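Coordinate inspection notes
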Amino acid sequence: MTPSAADARAAAETAARDAYGRLLARLVRRTRDIAAAEDALSDAFAKALAVWPETGVPAAPEAWLTTVATNAARDAARRRATGDGAIPTLQLLAEEISARDPVADERLTLILAASHPAIATAVHAPLILQVVFGVPVHEIAPAFLMAPSALGQRLVRAKAKIKNAGIRLDVGAHERPARLARALDAVYALYTVARAAPPSATAEARAGDALTLALLIADLARDEPEAFGLVSLIAFSESRRPAARVDGAYVPLSKQDCALWDARLLALAEGQLARAARHRVAGPYQLEAAIQSVHCNRRRTGATEWAVIATLYDARVAMAPSVGAEVARAVAHAEAFGPAQGLALLAEISGEKAERYQPYWAVRAHLEAASGQESSQAADRAIEMTGDEAVRSHLKAQR
């Protein structure tokens, strides 16, 4: 590979990592067709890899890609219109989203668009992860405890429905509150994917995007306490990031040095949780944030109030059951009341989703060992399902 080709590839990879969501959002605003926008953007990146080694990387790569992709989308729409006059092109070339009611971040505009009620609720978050942030299906699938092939088929069907049913992707002001509430799940899913990945520039950027978008939603949805709850939850988790790895080694929450936690993010988290509490309407994100607040209180007291956390998880599972919450509840009860209590709660979790959930096996191995049982099978499963080498080393050491 010549130096110019290497520079071109590096520049294209940087643009794909840092600007994919913004670029796609602009294209979808113009075309109202997610699949067509993705194709056009793919063409633009392919052209960049072919042209930039010869002409050099442009001074503004993002602007160059926007222009090339817009032209590609326009040419494709024109070909479709010419090739089949019976297919209306109104949806492909619809008017721009009204400038009278803009959303500050184009990615949020696209998130709201993809949260259309005609699209199955279960598909909103993975569709947004793929379309807005360019997260590959194989990275999205574990967050939703699905096989990549099954999730890929769902996403293909969702995109086809958007196009074939003529679903409008612009968002009226009267629709925004309901869409904002649905968008919270997508933003948290983005953070979940970032947190589950090994440390990298991409993972850090995704986590930052999630917090930024959560703050934007909270600013727009001022009567939605769950928006403040989500900001609080992400900020609590991000505050502990500096302590989660020491010299490359994974450090579990209970062993982290509290002095390394980010005081600024902790203050933001506590403030947003208090703001949510003033509405006096509890929700899953607020409960999760409250749990993280109890964990972070260890920096003041030197101890973790596991009985309080167990009570909060009881409420969380009763309000919105999920495999993740149920496994975390088992951990809390084990810490508060002994490993037998935790194992009893784990025994109540069953089904394919539990089988696909790596923390289930890690917790099961830990609690079996703590109670004197043979845990090699569960430990093997946990290690096998871990893609992060630092976490894998930690689990091997535990075993």
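Residues numbered from 1 in each chain as written. Predicted model: local features only at pLDDT ≥ 70, side-chain atom pairs only at ≥ 80, totals over all residues. Heavy atoms only, no water.

1. Looking at the nonpolar core
- Core analysis: the largest hydrophobic core is formed by 93 residues, its most contacted members being Ile-111 and Val-187.
- Top element by residues in this core is helix H8 (residues 176–196). It accounts for 11 residues.
- If we ignore the near neighbours within four places in the chain, the residues touching Ile-111 are Ile-128, Val-132, Phe-133, Ala-183, Val-187 and Leu-213.
- Of all hydrophobic cores here, the second largest spans 22 residues; its members include Ala-362, Val-363, Ala-379 and Ile-383. (Core = buried A, V, L, I, M, F, W, Y, C linked by side-chain atoms within 4.5 Å. Buried < 20%, exposed > 50% of the residue type's maximum accessible area, 1.4 Å probe, protein only. Helix = DSSP H or I, 4+ residues; strand = E, 2+ residues; numbered from the N terminus. Contact = heavy atoms within 4.5 Å.)

2. Digging into the layout of surface pockets
- What the second largest pocket holds in volume is close to 260 Å³.
- Contributing to the lining of the second largest pocket are 15 residues, with Ala-16, Arg-17, Asp-18, Phe-133 and Asp-209 lying nearest its centre.
- Looking at the lining of the second largest pocket, the elements with two or more residues in it are helix H1 (3–31), helix H5 (121–133) and helix H9 (201–220).
- The element contributing the most residues to the lining of the second largest pocket is H1, with seven residues.
- When the residues that make up the lining of the second largest pocket are grouped by side-chain class, the tally is six nonpolar, three polar and six charged. (1 Å grid on protein atoms, 1.4 Å probe; cavity = no way out; pocket = protein on both sides within 12 Å on 5 of 7 lines; lining within 4 Å. Points joined across faces, edges and corners; volume = space filled by probe spheres on them. Nonpolar A, V, L, I, M, F, W, Y, C, P; charged D, E, K, R; others polar.)

3. Some remarks on the environment of His-116
- Note that His-116 resides in the loop between helix H4 (106–114) and H5.
- Sequence-wise, His-116 and Arg-182 are 66 residues apart; in three dimensions their C-alpha atoms are separated by 9.1 Å.

4. Examining the packing of aromatic side chains
- Taken as a whole, this structure holds three aromatic pairs when the rule is applied.
- Here the aromatic rings of Tyr-360 and Trp-361 are separated by 5.0 Å at their centres, their planes lie at 85°, and the arrangement is edge-to-face. This pair shows no difference in class: Tyr-360 is buried, exactly as Trp-361 is. (Phe/Tyr/Trp six-rings, centres within 6.5 Å; stacked < 30°, edge-to-face > 60°.)

5. Focus: helix H21 (residues 389–398)
- Every buried residue of H21 is accounted for by Ala-390, Val-391 and Leu-395. Seen from one end, H21 has its buried residues packed into an arc of 135°, which puts them on one side.
- At its buried positions, H21 is contacted by strand E1 (245–246), strand E2 (249–250), helix H19 (358–370) and helix H20 (376–384). (Arc of directions from axis to C-beta.)

6. Quick word on the side chain of Thr-66
- Checked against the element boundaries, Thr-66 lands in helix H3 (residues 61–83).
- Given the relative accessible area of 14%, Thr-66 is considered buried.
- When sequence neighbours within four positions are dropped, the list of residues in contact with Thr-66 reads Leu-23 and Arg-26.

7. Focus on helix H17 (residues 339–347)
- Taken together, the buried positions of H17 are occupied by Gly-342, Leu-343, Leu-345 and Leu-346. Summarising the axial view, the buried residues of H17 lie within an arc of 160°, below the 170-degree limit, and thus occupy one face. Set apart from the buried face of H17 by more than 90 degrees, the exposed residues are Ala-340 and Ala-347.
- Buried residues along H17 sit against helix H16 (323–337) and H19.

8. Considerations on the confidence of the model for the chain
- Here the chain averages 84 in pLDDT, and 87% of its residues register 70 or above.
- Low pLDDT, under 50, characterises residues 82–104; the stretch is placed with 36 contacts to residues that sit more than four places away or in other chains. (pLDDT = per-residue confidence, 0-100.)

9. Side note on the pattern of salt bridges
- The tally for this structure, following the rule as stated, stands at nine salt bridges.
- Of the charged contacts, one joins Arg-241 and Glu-238 as a salt bridge, the two residues approaching to 2.7 Å between their closest N and O atoms.
- Overall, Arg-241 belongs to the partly exposed group, its relative accessible area being 30%.
- The partner of Asp-388 in a salt bridge is Arg-245, with the nearest N and O atoms 2.4 Å apart. Residue Asp-388 is located in the loop between H20 and H21, and its partner Arg-245 is located in strand E1; the two are separated by 143 residues in the primary sequence. (Salt bridge = Lys/Arg side-chain N within 4 Å of Asp/Glu carboxyl O.)

10. Quick notes on the packing of H19 against H20
- Remark: H19 packs on H20, axes separated minimally by 8 Å, with the N-to-C direction vectors making an angle of 145°. For H19 against H20, the interelement crossing comes out left-handed. Counting all contacts with H19, which are made through Gln-358, Trp-361, Ala-362, Arg-364, Ala-365 and Glu-368, the residues of H20 involved are Ala-378, Ala-379, Arg-381 and Ala-382.
- Across the contact of H19 with H20, the residue classes break down as six nonpolar, one polar and three charged. (Axes fitted to C-alpha atoms, helices over the stretch in contact; angles between N-to-C directions. Left-handed = near helix turned anticlockwise from the far one by under 90°.)

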